[in-house]
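Notes for the structure review
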Amino acid sequence: MTNAEKVYAVVARQVARLAVDTPQTRADLAKLRRAVGKDLADSPEVWEIVMSDTTVDCEVQGEITKEGKAIHTALTLYGVYRQGNSAGSQRGLSFGRALAALAAQGELSYNSIRKRYNSLITSKDITRLAYFARSFIRALSKAGIKLDFAQFAKDLYNYQFSTGNKAVRIRWSSEFYSNSIPRESGGVSEEGGSDDER
């Protein structure tokens, strides 16, 4: 099993546990929400949640590993997703397809989503990517669009490597653009810009 597959499995198990509504899981989700945007090393309140699975090393010699960063980021964003949303998101869409579904719903304009997506996809590191992803996660939750957080964690892990970063960006972009470009008004107007830019 690769490290990326281990990250996937850890997050899948935690999401399954957190999807069951109990006083403990509600408390854990609140802790995860408070830790969003923070470094794992600075978030001792979530160490038990993020680091309890011994199949993945989240820390080596006092440094947070890429696995730890991916698990922490995915689970804290899952906490954001679950805020005000009782439905767990165990098996959902990949990130690119989820954003395409969000664009298709029409609550946010395609151009607004595209601009934010372009900022997200050009992020140089996982911290910046998570910053931009947070608003999308909230919008997905509000729209009732399920996201596969285990796959998202695996993607976040791979995003931290130069070859993985490129592969994740290409896959997300292919899924997003091939499923979300407005079909009915995508022509070029007489003023020279596309209909969507007017």
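So, the confidence of the model for the protein chain
Overall, the prediction assigns the protein chain a mean pLDDT of 86, with 88% of residues at 70 or greater. Model confidence for the protein chain, summarised as mean pLDDT per element, is weakest for strand E1 (residues 59–60) at 84 and strongest for helix H8 (residues 149–159) at 96.

Structural notes on the layout of surface pockets
Its volume calculated, the largest pocket comes out at about 240 Å³. Considering only residue class, the lining of the largest pocket consists of 8 nonpolar, 5 polar and 4 charged.

Here we look at the packing of helix H1 (residues 3–18) against H8
Running from N to C, H1 and H8 point in directions that differ by 145 degrees, and their axes come no closer than 8 Å. Along this stretch, H1 crosses H8, giving a crossing that reads as right-handed. Contact residues: Asn3, Ala4, Glu5, Val7, Tyr8, Val11, Ala12 and Val15 in H1; Phe149, Ala150, Gln151, Ala153, Lys154, Tyr157 and Asn158 in H8. When the residues that make up the contact of H1 with H8 are grouped by side-chain class, the tally is 10 nonpolar, 3 polar and 2 charged.

Describing the packing of aromatic side chains
Scanning the model with the defined rule gives 14 aromatic pairs in all. Relative to phenylalanine 136, the ring of phenylalanine 95 has its centre 6.4 Å away and its plane inclined at 80 degrees; by these criteria the two rings are edge-to-face. Placement of phenylalanine 95 in helix H5 (residues 95–105) and of phenylalanine 136 in helix H7 (residues 126–143) is noted, with a sequence separation of 41 residues between them. An aromatic cluster is present here, built from Tyr78, Tyr81, Phe95, Phe136, Phe149, Phe152, Tyr159 and Trp172 joined pairwise through their rings. Over the ring of phenylalanine 161 we find lysine 66; its NZ or CZ atom is 5.4 Å from the centre of that ring.

Topic: the environment of leucine 108
Structurally, leucine 108 is set in the loop between H5 and helix H6 (110–121). Using a relative accessible area of 25% as the deciding quantity, one classes leucine 108 as partly exposed. Not counting residues up to four positions away in its chain, the partners in contact with leucine 108 are Leu102, Ala103, Ile113, Arg116 and Ala139.

Some details on H1
Taking 1.5 Å per residue as the helical rise, H1 with its 16 residues ought to reach 22 Å, and the 22 Å between its terminal C-alpha atoms agrees with that figure. Along H1, the positions that sit buried rather than exposed are Ala4, Val7, Ala9, Val10, Val11, Gln14, Val15 and Leu18. Residues of H1 that are buried sit in contact with helix H2 (23–34), helix H3 (47–51), helix H4 (66–82) and H8.

Calculation criteria
- Residues numbered from 1 in each chain as written.
- Predicted model: local features only at pLDDT ≥ 70, side-chain atom pairs only at ≥ 80, totals over all residues.
- Heavy atoms only, no water.
- pLDDT = per-residue confidence, 0-100.
- Helix = DSSP H or I, 4+ residues; strand = E, 2+ residues; numbered from the N terminus.
- 1 Å grid on protein atoms, 1.4 Å probe; cavity = no way out; pocket = protein on both sides within 12 Å on 5 of 7 lines; lining within 4 Å.
- Points joined across faces, edges and corners; volume = space filled by probe spheres on them.
- Nonpolar A, V, L, I, M, F, W, Y, C, P; charged D, E, K, R; others polar.
- Axes fitted to C-alpha atoms, helices over the stretch in contact; angles between N-to-C directions.
- Left-handed = near helix turned anticlockwise from the far one by under 90°.
- Contact = heavy atoms within 4.5 Å.
- Phe/Tyr/Trp six-rings, centres within 6.5 Å; stacked < 30°, edge-to-face > 60°.
- Lys NZ or Arg CZ within 6 Å of the ring centre and 35° of its normal.
- Buried < 20%, exposed > 50% of the residue type's maximum accessible area, 1.4 Å probe, protein only.
- Expected span 1.5 Å × (residues − 1).

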